[in-house]
Amino acid sequence: MLNLIIFGPPGSGKGTQAEKLEKKFNLVHISTGDIFRSEIAEGSELGIRASAFMAKGELVPDEVTIGMLRKKMMAHKEAEGFIFDGFPRTDPQAEALESLLGMLDQQIDALLMLDVPEDEIVKRIVLRSAESGRADDRDETIIRNRFQVYQTQTEPIYAYYDAKGKAHKVPGMGSIDDIFQKLCDVISSIHV
Ligand code: ADP
């Protein structure tokens, strides 16, 4: 069993690295942002609720996000492990994750934080907006708001896992493969 959280500001490369970790370690990849976007594309009730928050760069309310995550995890009870991408983003989400994993007799092994400065993030997101087609990637004010939300509501979760000795920081600058290698080095140092 290996349960990981890929962590870091918007645009830090979480999705890219999560996909590589998913393949290498045979994990179930749960990206809350991707789930919301596919619900929006389907026009579901959940998607309609989430889109108003996402468009402004705000967080979707915890009860909505946690309920959705619970459903997703329970559908994968057979998983060899999970990689959580974009979750947890608030303290209540971190607590909910602990208790959901506890119900499956599991726990988080590591939180891996990709460290990238704000100006680099804005540059990257504006660049990717052409291909991502995401409305929240197009406008610098919304991107800066997402970064602000990250700093105030999400970044404190690093300390929550650091206190358990499970938080690891990796520089998120450099090539995709170099960063991936550094993440794998951390995992091999903790995973027996
Ligand atoms: P990024 O990390 O680039 O911001 P995501 O796809 O992870 O991209 O998230 C996009 C948006 O989806 C967030 O700005 C937020 O509105 C919503 N979202 C994703 N995950 C969560 C979550 N765990 N809690 C609340 N809102 C979320």
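Scroll up to find the structure.
Conventions adopted
- Residues numbered from 1 in each chain as written.
- Predicted model: local features only at pLDDT ≥ 70, side-chain atom pairs only at ≥ 80, totals over all residues.
- Heavy atoms only, no water.
- Helix = DSSP H or I, 4+ residues; strand = E, 2+ residues; numbered from the N terminus.
- Rg over C-alpha atoms; globule rule 2.2 N^0.38 Å.
- Contact = heavy atoms within 4.5 Å.
- Areas by Shrake-Rupley, 256 points an atom, 1.4 Å probe, with all protein chains shown as cover.
- Lys, Arg positive; Asp, Glu negative; His and termini not counted.
- Charge placed at Lys NZ, Arg CZ, Asp CG, Glu CD.
- Near = heavy atom within 4 Å.
- Polar contact = N/O pair within 3.5 Å; in protein donor to acceptor, adjacent residues only side chain to side chain.
- Nonpolar A, V, L, I, M, F, W, Y, C, P; charged D, E, K, R; others polar.
- Axes fitted to C-alpha atoms, helices over the stretch in contact; angles between N-to-C directions.
- Parallel < 35°, antiparallel > 145°, perpendicular 65-115°, else oblique.
- Phe/Tyr/Trp six-rings, centres within 6.5 Å; stacked < 30°, edge-to-face > 60°.
- Buried < 20%, exposed > 50% of the residue type's maximum accessible area, 1.4 Å probe, protein only.
- Lys NZ or Arg CZ within 6 Å of the ring centre and 35° of its normal.
- Expected span 1.5 Å × (residues − 1).
- Arc of directions from axis to C-beta.

This next bit is on the overall build of the protein. In terms of helices and strands, the protein carries nine helices and five strands. Listing each helix as α and each strand as β along the protein from the N terminus yields β-α-β-α-α-α-β-α-β-α-α-α-β-α. Here the protein has a C-alpha radius of gyration of 16 Å; the compact-globule value for 192 residues is 16 Å, and the two agree. When its C-alpha atoms are laid out on the principal axes, the protein stretches across 45 × 40 × 30 Å. Contacts in the protein between residues at least 24 apart in sequence constitute 72% of all its contacts with a sequence separation of at least 6. In the structure as shown, the protein presents an accessible area of about 9,500 Å², 51% of it carried by carbon and sulfur atoms. Each charge class in the protein can be summarised by its mean position, and for the 23 positive and 31 negative side chains these summaries are 1 Å apart.

Here we take up the site of the ligand. Of all residues adjacent to the ligand, which total 20 residues, the nearest are Thr 32, Arg 37, Glu 58, Gly 86 and Gln 93. Contacts to the ligand include Thr 32, whose side-chain N or O atom sits 2.7 Å from a nitrogen atom. In this structure, an oxygen atom belonging to the ligand sits 3.0 Å away from a side-chain N or O atom of Arg 128. Of the residues that constitute the shell around the ligand, the class distribution is six nonpolar, six polar and eight charged.

When two helices pack together, their arrangement is given by the angle between the helix axes and by the axis-to-axis distance. Here helix H2 (residues 32-42) crosses helix H4 (residues 62-74) at 95 degrees, and the two axes come no closer than 11 Å. Taken as axis vectors, H2 and H4 run roughly perpendicular relative to one another. Taking contact as the criterion, the partners of Thr 32, Ile 35 and Phe 36 in H2 are, on H4, Val 64, Thr 65, Met 68, Leu 69 and Lys 72. In the contact of H2 with H4, the residues fall into five nonpolar, two polar and one charged.

Turning our eyes to something else, we now look at the packing of aromatic side chains. Given two aromatic rings, one states the distance between the centres and the angle between the planes to describe the pair. On inspection of all chains with the given rule, the structure shows four aromatic pairs. Arranged with centres 6.3 Å apart and planes meeting at 40 degrees, the rings of Phe 147 and Tyr 150 form a pair that is tilted. With Phe 147 and Tyr 150 both in helix H7 (residues 140-154) and three residues apart, the pair spans about one turn of that helix. Each member of the pair, Phe 147 as well as Tyr 150, carries the same accessibility label: buried. Each residue in the set Phe 7, Phe 147 and Tyr 150 is aromatic and connected to the rest through ring pairs, giving one cluster. The ring of Tyr 158 has Lys 169 lying over it, and the distance from NZ or CZ to the ring centre is 5.0 Å.

All right, on to helix H1 (residues 14-25) then. Counting along an α-helix, one turn takes 3.6 residues, and residues three or four places apart therefore face a common direction. For H1, with twelve residues, the first-to-last C-alpha span of 16 Å sits near the 16 Å given by 1.5 Å per residue. By the burial criterion, the buried members of H1 are Lys 14, Gln 17, Ala 18 and Leu 21. Take H1 and look down its axis: the buried residues cluster within an arc of 105 degrees, on one side only. Buried residues in H1 make contact with strand E1 (4-7), strand E2 (28-31), strand E3 (82-85), strand E4 (110-115) and helix H9 (176-190). Just downstream of H1 lies Asn 26, where phi reads positive at about 55 degrees.

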